[in-house]
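What follows is the residue order along each chain.
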Amino acid sequence: MGDREHRYVDLSHPIYEGMPVYPSDPNVQIRQEATIDADGYALRSIRISSHAGTHVDAPAHILRGAAGIEAIPLDRFIGKAAVIDCRDRHPLIDRDFVQNAEPLIRTLNILLLQTGWERQWGSADYFQGYPMLQPEAAMVLAQSRISAVGIDAPSFDAADSEDYPIHRLLLGAGKILIENLTGLVHLPRTGIWFSAFPLSLGHGADASPVRAVACIENGKEDFS
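Cut-offs applied
Residues numbered from 1 in each chain as written. Predicted model: local features only at pLDDT ≥ 70, side-chain atom pairs only at ≥ 80, totals over all residues. Heavy atoms only, no water. Salt bridge = Lys/Arg side-chain N within 4 Å of Asp/Glu carboxyl O. Buried < 20%, exposed > 50% of the residue type's maximum accessible area, 1.4 Å probe, protein only. Pairing = 2+ DSSP bridges. Helix = DSSP H or I, 4+ residues; strand = E, 2+ residues; numbered from the N terminus. Axes fitted to C-alpha atoms, helices over the stretch in contact; angles between N-to-C directions. Contact = heavy atoms within 4.5 Å. Polar contact = N/O pair within 3.5 Å; in protein donor to acceptor, adjacent residues only side chain to side chain. Arc of directions from axis to C-beta. Phe/Tyr/Trp six-rings, centres within 6.5 Å; stacked < 30°, edge-to-face > 60°. Patch = residues over 30% accessible without salt bridge, like charges linked within 9 Å, V, L, I, M, F, W, Y side chains within 5 Å. Areas by Shrake-Rupley, 256 points an atom, 1.4 Å probe, with all protein chains shown as cover. Core = buried A, V, L, I, M, F, W, Y, C linked by side-chain atoms within 4.5 Å. Parallel < 35°, antiparallel > 145°, perpendicular 65-115°, else oblique. Left-handed = near helix turned anticlockwise from the far one by under 90°. Nonpolar A, V, L, I, M, F, W, Y, C, P; charged D, E, K, R; others polar.

1. Observations concerning the pattern of salt bridges
Here's step 1: Applying the stated criterion across every chain yields a total of six salt bridges.
Here's step 2: Glu-33 is the partner of Arg-31 in a salt bridge, and the nearest nitrogen-oxygen pair spans 3.6 Å.
Here's step 3: Note on Glu-33: relative accessible area 38%, which makes it partly exposed.
Here's step 4: One network of salt bridges, with partners in common, ties together Asp-85, Arg-87 and Arg-189.

2. Quick look at the sheet that holds strand 7 (residues 110-114)
Here's step 1: Strand order in this open sheet of nine strands is 1-13-11-5-7-9-10-4-12, and the pairing throughout is mixed. The two strands at the open ends of the sheet, each matched to only one other strand, are strand 1 (6-10) and strand 12 (207-209). The mean angle between the axes of side-by-side strands here comes to 25 degrees, regardless of whether they run parallel or antiparallel.
Here's step 2: With four bridges connecting them, strand 11 (residues 192-195) and strand 13 (residues 213-217) associate as antiparallel partners. Bridge pairing in strand 13 places Trp-193 opposite Cys-215.
Here's step 3: Packed onto the sheet, helix 5 (residues 165-172) meets strand 4 (55-57) and strand 10 (176-179) and runs at close to 135 degrees relative to strand 10.

3. Here's the deal with the side chain of Thr-182
Here's step 1: Summarising the element assignment, Thr-182 is placed in the loop between strand 10 and strand 11.
Here's step 2: According to the relative accessible area criterion, Thr-182 is buried, its value standing at 14%.
Here's step 3: There is a polar contact of 2.8 Å between the side chain of Thr-182 and the side chain of Glu-118.
Here's step 4: When sequence neighbours within four positions are dropped, the list of residues in contact with Thr-182 reads Asp-10, Leu-11, Ser-12, His-13 and Glu-118.

4. Describing helix 5
Here's step 1: Along helix 5, the positions that sit buried rather than exposed are Ile-166, His-167, Leu-170 and Leu-171. Buried residues of helix 5, viewed axially, fall in a sector of 110 degrees; they line one side.
Here's step 2: Looking at the buried side of helix 5, the elements it contacts are strand 4, strand 8 (132-133), helix 4 (135-142) and strand 10.

5. Things to note about the packing of aromatic side chains
Here's step 1: Using the criterion set out here, one finds three aromatic pairs in the structure.
Here's step 2: Where Tyr-22 meets Phe-127, the ring centres are 5.9 Å apart and the plane angle is 90 degrees; that geometry is what we call edge-to-face. Note that Tyr-22 is positioned in the loop between strand 1 and strand 2 (29-34) and Phe-127 in the loop between strand 7 and strand 8, a separation of 105 residues in sequence.
Here's step 3: Note on Tyr-22: relative accessible area 18%, which makes it buried.
Here's step 4: Here Phe-127 falls in the buried class, since its relative accessible area comes to 14%.
Here's step 5: On the numbers, 4.9 Å between centres and 85 degrees between planes, the contact of Tyr-126 with Phe-127 is edge-to-face.

6. A closer look at a nonpolar patch on the surface
Here's step 1: Taken together, Ile-15, Ile-46 and Ile-48 make up a surface patch of nonpolar side chains, about 250 Å² in accessible area.
Here's step 2: Note that Ile-46 resides in strand 3 (residues 43-47).
Here's step 3: Of the residues examined, Ile-46 reaches a relative accessible area of 54% and is grouped as exposed.

7. Describing the nonpolar core
Generally speaking, soluble globular proteins have nonpolar side chains that are buried together.
Here's step 1: If you look at the biggest cluster of nonpolar residues, it comprises 38 residues, and the most contacted ones within it are Leu-113, Leu-133, Leu-141, Phe-156 and Leu-170.
Here's step 2: Elements with a minimum of two residues in this core: strand 5 (78-85), helix 2 (95-100), strand 7, strand 8, helix 4, strand 9 (148-151) and helix 5.
Here's step 3: The element best represented in this core is helix 4, accounting for five residues.
Here's step 4: Of all hydrophobic cores here, the second largest spans 25 residues; its members include Val-56, Phe-77, Ala-81 and Leu-184.

8. Some points on the packing of helix 4 against helix 5
Here's step 1: As a packed pair, helix 4 and helix 5 sit with axes 9 Å apart at the nearest point and diverge in direction by 10 degrees. Taken together, the axis directions place helix 4 and helix 5 in an arrangement best described as roughly parallel. In the packing of helix 4 onto helix 5, the handedness of the crossing is right-handed. Packed against helix 4, whose contacting residues are Pro-135, Ala-138, Met-139, Leu-141 and Ala-142, the element helix 5 presents Ile-166, Leu-169 and Leu-170 at the interface.
Here's step 2: A class-by-class count of the residues in the contact of helix 4 with helix 5 yields eight nonpolar, no polar and no charged.

Set out below in structure tokens:
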């Protein structure tokens, strides 16, 4: 794919020490272990949780005995995508709103929910009061053909949730969840080829940080 034919948009938050992490999750730590001046080469160690920054959730995140990252075929992390603008649907994205988008959803592999919450990244408010799917809206997606749902917010359930009903519903239906996306405002509504490949982690991995990227064919952009 030549640069003249396509453009690429990074939809991932950078990983850095002190970056926002979900409440009670361990902080990201980056340590310089070697330098070119002292050792002839540079080397860093990185301590990071599986849910830091932009990441994907596997069913093993919530459901006992369910598939981990390593068991999910790679073609589930890439495919035809579209953005649904949910910025006026706060705090809940309701069933009627999602149902109205069903004709589009039926053509997709991956649905991206643009809530605009990424504007709160780095603030004390990012992990509270963010937009979420209404359970009935999540059911529509659970019954759809899509393989993954992404959102520019920290979670599909409230931070104080104890049973994570939306995670259970979507992961239980075999959907991959992509959280902490950013930059969806720079995408057209349709004509997107999206990828969010996880690290190659060991057995039972519940989640993985990703580099989420959108590929858009020049001249076929629809921002309507």
